[in-house]
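# Analysis of the macromolecular model
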Amino acid sequence: MKKNRTNLGEFEELVLLVVGVLNDNAYGISIMEEIEKQARRKLSISAVHSVLTRLEKKGYLKSYMGGETNERGGRRKRFFTLTGSGKDAINEVREMRNKLWDIMPDLSMESL
Amino acid sequence: MPRKEKNIDDHSMPPKSADRFLEWYCSDYYMEEVKGDLHELFQNKLCHHFGLLRWLLYWWNVIRFFRPYLLRNKLLHINIGELYMLNSYLKIALRNLRKHAFYSFINITGLVVGVVCVIFILLFVTDELSYDKFNKKADRTYRLVSDFMIRGNTFQSALSGGPVGQGMKREFPEVEQQTRIRQLGSTIVKYKDISHKEDRMSFADSTFFDVFSIELIAGKKDEVLRTPNSIILSETSVQKYFGKKNPVGEFLRLDNDTDYNVTGVYKDIPANSHFHADMLCSMSSLEFSTQDYWSNANFHTYIVLAKGANPQDLIAKYPSILQMYVKPEIEALAGTSIGDFSELNLKFEWILEPLLDIHLYSTYPHQFEPNGDIQYVYIFSAIGLFILFLACINFVNLATARSSLRAKEVGIKKVVGSDRRSLITQFLTESIVISIIALLIAVAVVLAILPFFNTLVGKNIQYTALLSGSVMLALIVIPLITGILAGFFPAFVLSAFNPAVILKGNLSGGVKKGWLRSGLVVFQFTTSIILIVCTLVVLNQLHYIQNKKLGFDKDHVLIVEDTNMLDGQTEIFKDEILRNPEIISGTVSSFLPVESARSSNGTIPDGDMTSEKFQPIQTWRIDTDYFKTLGIEIVAGRNFSDEQITDSSACILNEACVKEFGWDDPLEHTVARYILPDPNKPPVLKEFNVIGVVKDFHFESLKNDIDPIVFYLEPSTSTISFRINTGNIAGVIDYVKSVWTQTAPGQPFSYRFMDESFDNMYRAETKVSEIFSVFAGLAIFIGCLGLFGLSAFTAERKTKEIGIRKVHGATLKSVVILLSKEFAKLILVSFVIAAPIAYYLMNSWLADYAYRTGLSMWTFVLSGLLAMVVALITVSYHAIKAGLINPAKSLKYE
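On a predicted model such as this, the values are computed, not experimentally measured, just so you know.

Next up on the list: the overall build of chain B. If you tally the helices and strands in chain B, you get 28 helices and 24 strands. Expressed as a percentage of the 894 residues in chain B, the buried residues total 49%. As displayed, chain B offers around 42700 Å² of accessible surface, 59% of which is attributable to carbon and sulfur atoms.

All names here are of chain B. Along the chain, the position of Asn654 falls in strand β19 (residues 650-654). A distance of 3.0 Å separates a polar atom in the side chain of Asn654 from the backbone nitrogen of Ile709. Those residues in contact with Asn654 that lie beyond four places of it in its chain are Val693, Val694, Asp696, Ile706, Asp707, Pro708, Ile709 and Phe711.

This part is about the interface of chain B and chain A. Between chain B and chain A, the contact holds 23 residues from the first and 21 residues from the second. Interface area for chain B against chain A, summed over the two sides, is near 2200 Å², with a carbon-plus-sulfur share of 50%. By the criterion of area lost to chain A, the three top residues of chain B are Glu32, Glu33 and Glu40 of chain B, representing 27% of everything that side buries. Here chain B is connected to chain A by two salt bridges. Between Arg78 of chain A and Glu33 of chain B there is a salt bridge, and its shortest N-O distance comes to 2.4 Å. If you look at where chain B meets chain A, you find 10 residue pairs in polar contact (both at pLDDT 80 or more). Of all elements in the fold, only α2 (28-45) and α3 (51-64) of chain B reach the threshold of two or more residues within the side of chain B that touches chain A. Ranked by residues supplied to the side of chain B that touches chain A, first place goes to α2 of chain B with 13 residues. Residue classes in the side of chain B that touches chain A are distributed as 10 nonpolar, three polar and 10 charged.

A word on helix α2 (residues 28-39) of chain A. Taking 1.5 Å as the rise per residue, α2 of chain A with 12 residues should run 16 Å; its terminal C-alpha atoms sit 16 Å apart, in good agreement. On its buried side, α2 of chain A packs onto α1 (10-22), α3 (45-58) and β2 (78-82) of chain A together with α2 of chain B.

With that settled, the discussion passes to the sheet that holds strand β15 (residues 583-589) of chain B. Residue and element names in this part refer to chain B. Spatially, the four strands line up as an open sheet ordered β15-β23-β14-β24, and their pairing is antiparallel. If you trace the sheet from one side to the other, it starts and ends with β15 and β24 (751-753), each paired once. The mean inter-strand angle of the sheet, taken between neighbouring strand axes irrespective of direction, is 25 degrees. Bridge analysis of β15 against strand β23 (residues 719-724) gives six bridges, and the strand direction is antiparallel. Across the sheet, Ser589 pairs through a bridge with Thr719, a residue of β23. Helix-sheet contacts for helix α19 (residues 570-578) involve β14 (557-560), β15 and β23, and the interaxial angle to β15 is about 165 degrees.

Glancing now at the nonpolar core. Ranked by size, the top nonpolar core spans 125 residues in total, and within it Trp620, Tyr626, Phe697, Phe711 and Phe775 of chain B carry the most contacts. Broken down by element, this core gets its largest block of residues, 16 residues, from helix α6 (residues 101-129) of chain B.

Below, the discussion takes up the packing of aromatic side chains. One pair of aromatic rings is described through two measures. These are the centre distance and the angle between the planes. Residue and element names in this part refer to chain B. A complete count under the given rule lists 49 aromatic pairs over all chains for this structure. The ring of Phe299 is capped by Arg180, whose NZ or CZ atom sits 4.7 Å from the centre of that ring. Cation over ring: Arg673 sits above Tyr712, and NZ or CZ is 4.3 Å from the ring centre.

Residue and element names in this part refer to chain B. Scanning the entire structure with this criterion turns up five cavities of 30 Å³ or more. Roughly 290 Å³ of volume is contained in the largest cavity. Elements with a contribution of two residues or more to the lining of the largest cavity: α5 (80-99), α6, α13 (374-401), α15 (420-457) and α16 (469-495). Sorting elements by how many residues they give to the lining of the largest cavity places α15 first, with four residues. Of the residues contributing to the lining of the largest cavity, the split by class is nine nonpolar, six polar and three charged.

Time to look at unusual backbone geometry. Phi angles above zero are rare outside glycine, and Asn23 of chain A is one such case at about 55 degrees. Locating Asn23 of chain A in the fold gives a position in the loop between α1 and α2. Of note, the phi angle at Lys192 of chain B is positive, near 50 degrees, even though the residue is not glycine. Tracing the backbone through its elements, the reader meets Lys192 of chain B in the loop between β4 (187-191) and β5 (194-198). Classification of Lys192 of chain B as exposed rests on a relative accessible area of 58%.

The next point concerns a negative patch on the surface. All names here are of chain B. A contiguous patch of negative charge on the surface is contributed by Glu571, Asp575, Asp642 and Glu643. Residue position: Glu571 is located in helix α19. Relative accessible area serves as the criterion here: at 43%, Glu571 is assigned to the partly exposed category.

We now examine a nonpolar patch on the surface. Residue and element names in this part refer to chain B. Taken together, the side chains of Phe389, Leu473, Ile476, Val477, Leu480, Ile481, Ile484, Leu485, Phe488 and Phe492 present a nonpolar region at the surface, about 900 Å² in accessible area. Per-element tally for the nonpolar patch: the top contributor is α16, with nine residues. Considering the arrangement of structural elements, one finds Phe492 in helix α16. Judged by its relative accessible area of 32%, Phe492 is partly exposed.

Quick look at the packing of helix α1 (residues 16-25) of chain B against α2 of chain B now. A packed helix pair is summarised by two numbers, namely the angle formed by the two axes and the spacing between the axes. Residues and elements named next belong to chain B. Viewed as axis vectors pointing N to C, α1 and α2 meet at an angle of 155 degrees, and their least axial separation amounts to 11 Å. Between α1 and α2, the angle is such that the two are roughly antiparallel. For the element pair α1 and α2, the recorded crossing hand is right-handed. Across the interface between the two elements, Asp19, Leu22 and Glu23 of α1 pack against Met31, Val34, Lys35, Leu38 and His39 of α2. Considered class by class, the residues forming the contact of α1 with α2 number four nonpolar, one polar and three charged.

Moving on to the pattern of salt bridges. Residues and elements named next belong to chain B. A full pass over the atoms with the stated rule returns 31 salt bridges over all chains. Between Lys459 and Glu128 there is a salt bridge, with the nearest N and O atoms lying 2.6 Å from each other. Taken as a pair, Lys459 in the loop between α15 and α16 and Glu128 in helix α6 lie far apart in primary sequence, 331 residues in all. Look at Lys459 and you get buried, because its relative accessible area is 14%.

Averaged over chain B, the pLDDT score is 83; the fraction of residues at 70 or greater is 93%. Mean pLDDT across the elements of chain B ranges from a minimum in helix α4 (residues 73-76) of chain B, with 64, to a maximum in strand β12 (residues 300-305) of chain B, with 95.

Reading the values: rules and limits
Residues numbered from 1 in each chain as written. Chains lettered and ligands numbered in written order. Predicted model: local features only at pLDDT ≥ 70, side-chain atom pairs only at ≥ 80, totals over all residues. Heavy atoms only, no water. Helix = DSSP H or I, 4+ residues; strand = E, 2+ residues; numbered from the N terminus. Buried < 20%, exposed > 50% of the residue type's maximum accessible area, 1.4 Å probe, protein only. Areas by Shrake-Rupley, 256 points an atom, 1.4 Å probe, with all protein chains shown as cover. Polar contact = N/O pair within 3.5 Å; in protein donor to acceptor, adjacent residues only side chain to side chain. Contact = heavy atoms within 4.5 Å. Buried area = accessible area lost by both parts, 1.4 Å probe. Salt bridge = Lys/Arg side-chain N within 4 Å of Asp/Glu carboxyl O. Nonpolar A, V, L, I, M, F, W, Y, C, P; charged D, E, K, R; others polar. Expected span 1.5 Å × (residues − 1). Pairing = 2+ DSSP bridges. Axes fitted to C-alpha atoms, helices over the stretch in contact; angles between N-to-C directions. Core = buried A, V, L, I, M, F, W, Y, C linked by side-chain atoms within 4.5 Å. Phe/Tyr/Trp six-rings, centres within 6.5 Å; stacked < 30°, edge-to-face > 60°. Lys NZ or Arg CZ within 6 Å of the ring centre and 35° of its normal. 1 Å grid on protein atoms, 1.4 Å probe; cavity = no way out; pocket = protein on both sides within 12 Å on 5 of 7 lines; lining within 4 Å. Points joined across faces, edges and corners; volume = space filled by probe spheres on them. Patch = residues over 30% accessible without salt bridge, like charges linked within 9 Å, V, L, I, M, F, W, Y side chains within 5 Å. Lys, Arg positive; Asp, Glu negative; His and termini not counted. Charge placed at Lys NZ, Arg CZ, Asp CG, Glu CD. Parallel < 35°, antiparallel > 145°, perpendicular 65-115°, else oblique. Left-handed = near helix turned anticlockwise from the far one by under 90°. pLDDT = per-residue confidence, 0-100.

Put into structure tokens, the structure is as follows:
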């Protein structure tokens, strides 16, 4: 596994995309809800949190603590945004996919 | 951290305990966001759920956050200091073990016994529960149990009529498959010059392998067991007759008259199957298998239901098959129309007995093999756990009793800064070390005595059973549980000492917990006394059964089996034998008053078909010497006689039969039954004059009442019995054998004595009494081990007191009494508790027997005395030792 090649899991990719979609409001619960809404899959908050932490460690995400809130017992949220390499990573995945779609022969497409 | 949630209603708050758990493991860096997310989740997403469920879901989410990256550092990194401490705990534990070798020995021995018991019982229970589970369709396989009622008389049997299974398969779509098995009984099997007597032979339908998951090694599933006179063998039998040779295509000769073609080989039927067969003959070899009646009971029939089918639905549809098959059949047998079923007080039903229940629950007559009993599974499990518990009690008692000796150690440790937790860890380590040592020894013991255990419970458990999942799990869990259970109490008592008080010299703090120790000793001895009473009662009942006046003389009767080998020369053989003056008389008969297959026939008093008393009654075929040979008394009328030609249509009843028919003058009456003079014609009704009545005799286990019997003077060939003189038994057997060899050259000779067969009827009781004796012995052994330790301790603590008493003139006797009194009191209390419990238990056990001994008070007194004597002997060792010490020695210090 070479360092310079993007290596994203399917779920990681999904989380990165959703963080991009949510823009300024990406924190644990909102990300989980967005994925549940868009991808219709049941998630646990702990799974989302662990992926977010991993992606931050890999440098695809950065985070900051928000201001005090009124709900959730006044506790602050940790907001996530995409870093440059995060954006590169999802782009790279998309390009690779496009390339593969392009070279797929028409014949096999019909049979699909 | 700001806490603003106070203003929210308390019911809608997440559980505090879950939050505390989160705070314990979660690192501060992530704490705020995680807790915030969880609370938001609780408020917004979990609000569809209410009450406990909402809390549980919250807890579940908190638990799922328990991931390595979130954990506090101190949770992840093992503190080097603690590792050193563990080392030190172990070191201290081992030192203590060695220093107090006597107490360690008592603890470990007790635990070894307890753990061995638990392992064995686990093996036993696992084996009992595994019966028939190897069959892939076991969960939807049922055995048809006949449940008939004819004129108010019920008849139940694990056997059923020949056409029932096939009929059900034809009429009910839910029945996927059916198969029948019929036991063949002992058979002489011959191949070239190899000849053996085989006891486990059966006929089976060709569908056998569709129902039972037994592997065929040679032959095709769809071909074997089809053609008449074909046979398939188990691997073991192949080995026995053919060695390494391929048996398929060879011929075996059965009972010296029919050749069977070997068409296949199957893997041995597993030990945990409710039936076994070393050879299976095709059912088509058995002529009557296709001509049997619905209302008979001759075959073990098994049906497999389709997936998801409900057995109740099947039972609901019985009326249709009764109308279609059973009614015409009964009309044909009775020769008249029987009208409506419901008016006749007749019931023909088949209970669907689940295959998996057969071994542990089935009690219907005519089982394949003696079954297990779920009661014993429960009883043994309970006793096993009790014995382990008794061993733990020893540990607790000795540890708390000796706590004063370790109080100083605890005091010093506390002063130099040890906290309570590490003290508890220290004591638990010690007890776990002890139980691990005990476990290792126990496994070695189990390996060594497994063969004896197998003999005791009559099983064949392999060493590999120890490697099964549940046993391995138990081997890991047992030391942990025992260690914690046994170490828990001492750990808490000892670690709670106040160092200031202890170091001041007041050591009595922990020792005063005498009531707990006494309570536990009482518990141990209550258990022991109950077990002793149980053992004695079982032995008593066994003695009663074996010595009860049976109504016949079972001693000195030699039974020669397999007389069908004699090929019609039975009478010649008998006459030849009787020439020997040592042999008093001989008789050829179908049945004997010991466990044997029996048959009943519909018997009609006075030939009156409409009689209320028309019912199946045992039919015994005998000759004129039967009653004389077995010592059965004729109370009215006369015996059969060879001179009276009319005796071929005469019969003799037993008293129970006379009573059943309600006759005052039985000799004026007749009974009738269907006989089959020609197998190709329908049966005919024949009347028999009652010419005599014999005194009732017990021909079955004393669990049952004496059933009615009708004796007929008819030739039979199954067994010959001889009453012999006792002078020279070996000579008599040699003589009978030589006559046998002359009459039936080349046929194996087998004989038994009637009293042996009689004892065999009570194998189950004998087994239970043996197992109970072992358990009772172990329980009292463990109890005494504990007492031995405790009395040693008491004597040790009272050394000075005894010294002073002796100086003032106390005698050895008074010292022994002083030390034994305490323990004697405890045993008395145990007896008072144990007696009513044992009485209740044994009363319900005895209720199973139609003939039983009473529960005598002496049994209880004897058990109590036994426990008392054993306990006092144990205690007196140390008491006497203490009493003999020279007071000058014991008072020398200080």
